[in-house]
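# Understanding the architecture of this molecule
As a plain string of letters, each chain reads:
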Amino acid sequence: MEIQVPLDKNDVCILIPTLNEEATIKQLIEDFQAEGFENILVIDGHSRDRTRQLAEESGAKVVVQEGKGKGQAVQEAFQLIEDPYTVMIDGDGTYLASDIYTVLNPLIEGHADQTIGNRFANFEPEAFTKLNLTGNKVLNKLFGLAYGVWLEDILTGYRGFNKRSIKELNLNEMGFEIETEITVESVKHEMKVEVVPITYVARHSSADTKLNPMRDGFKIGKTIFRMARLHNPMFYFGIFGTLLTLSGIVVGLYVVNEWLSGVTRIPMTILTALLIMTGIQMFIFGMLSDLVVSLHRETMRMMRKNNER
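What you see is a predicted model, and the numbers here were worked out from it, not measured in a lab.

### Brief notes about the confidence of the model for the protein chain
Averaged over the protein chain, the pLDDT score is 89; the fraction of residues at 70 or greater is 92%. Looking at the elements of the protein chain, mean pLDDT is at its lowest for helix H8 (residues 213–231), recorded as 81, and at its highest for strand E4 (residues 85–88), recorded as 97.

### Observations concerning the packing of aromatic side chains
On inspection of all chains with the given rule, the structure shows 15 aromatic pairs. The interplanar angle of 65 degrees and the centroid separation of 6.4 Å between the aromatic rings of Phe225 and Phe235 together place this pair among those described as edge-to-face. Residue Phe225 is located in helix H8, and its partner Phe235 is located in helix H9 (residues 233–260); the two are separated by 10 residues in the primary sequence. The interplanar angle of 75 degrees and the centroid separation of 5.4 Å between the aromatic rings of Tyr236 and Phe240 together place this pair among those described as edge-to-face. With Tyr236 and Phe240 both in helix H9, this residue pair falls 4 residues apart, about one helical turn.

### So, the packing of helix H3 (residues 70–80) against helix H7 (residues 178–188)
For the pair H3 and H7, interaxial distance at closest approach is 9 Å and the crossing angle is 50 degrees. Here H3 lies oblique to H7, going by the angle between them. Between H3, through Lys70, Gly71, Val74, Gln75 and Phe78, and H7, the contact on the second element is made entirely by Ile178, Glu179 and Ile182. Here the contact of H3 with H7 is composed, by residue class, of 4 nonpolar, 2 polar and 2 charged.

### Regarding the pairing of strand E6 (residues 159–162)
Side chains of E6 alternate between two faces, with Arg159 and Phe161 and Gly160 and Asn162 buried alike. Relative to E6, E4 is paired through 4 bridges, and the arrangement is antiparallel. Its bridge partner being in E6, Tyr85 is matched across the sheet by Asn162. As paired strands, strand E5 (residues 114–123) and E6 are joined by 3 bridges and run antiparallel to one another. Bridged to Gln114 within E6 is Phe161.

### Section: the sheet that holds E4
On the basis of which strands lie adjacent, the open sheet formed by 7 strands has the order E3-E2-E1-E4-E6-E5-E7 and mixed pairing. The sheet terminates laterally at strand E3 (61–64) and strand E7 (193–200), the two strands that pair on one side only. Geometrically, the sheet is characterised by an average inter-axis angle of 25 degrees between neighbouring strands, direction not taken into account.

### Quick word on the pairing of E5
Where E5 lies against E7, 7 bridges are found, and the strand directions are parallel. Residue pairing for E7: Asn118 is matched across the bridge by Pro197.

Calculation rules
Residues numbered from 1 in each chain as written. Predicted model: local features only at pLDDT ≥ 70, side-chain atom pairs only at ≥ 80, totals over all residues. Heavy atoms only, no water. pLDDT = per-residue confidence, 0-100. Helix = DSSP H or I, 4+ residues; strand = E, 2+ residues; numbered from the N terminus. Phe/Tyr/Trp six-rings, centres within 6.5 Å; stacked < 30°, edge-to-face > 60°. Axes fitted to C-alpha atoms, helices over the stretch in contact; angles between N-to-C directions. Parallel < 35°, antiparallel > 145°, perpendicular 65-115°, else oblique. Contact = heavy atoms within 4.5 Å. Nonpolar A, V, L, I, M, F, W, Y, C, P; charged D, E, K, R; others polar. Buried < 20%, exposed > 50% of the residue type's maximum accessible area, 1.4 Å probe, protein only. Pairing = 2+ DSSP bridges.

Here it is as structure tokens:
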């Protein structure tokens, strides 16, 4: 697939965050160069192997990040990049350089501010473990429920951005939660996001994964939930309200059962009332917060329209 609109390929920055990727980084850079893309930025997280050396020898610009973590690396790189288009890709060799046209086309044609490469469109059987595949699907479902936007693969490491979208992102996450935060920020700022099919291949035998499925999956889920407080407070407070109300009902059923048996549980009766009342209050907080967020969103939308005139 070729780019449908004329483009100076030097206007595209290929951003590759790395950490100990000596087994794959050289080949990945050469693959992009074979496609005609020479503007390649490797931001390295203090690799202990030959990642930086191989990247420099292959012709990429290498920057060692100041802090630690993929999220911090991406934030630092976004501050450096001034090119019209950016394509971000993991350096572990699980993505194909040839898919760059699929990632870039919607940006160049003006259909999207950001593109997300959907790994589930075409992946090798060995590319996902059963745990990773299940975890990804659960987190994607959680994101859809929390934000009302179904983007199929919010954790993908292959993304495209135009310059405006990068400058609008307000990022704070330091670790693997960065992809989630980028997606949430894109929804928050009402960017045009397009999901495109890409190929996802099995990890190189010499390339170790840095992702801990359980630990990092929990952090990502927590990020989705926490950030929903400002974007979809009804979902955020509704979860607490539901848990508290259900807990009150369960305790209440026990109290009623004990009362029918001739035993009065006054403290537990009080607890039942408190749990249910607090749960209802959480729903009220959610509705009020949702109203405030909706008014704020509409105000920002009107301000953007006025600025565009």
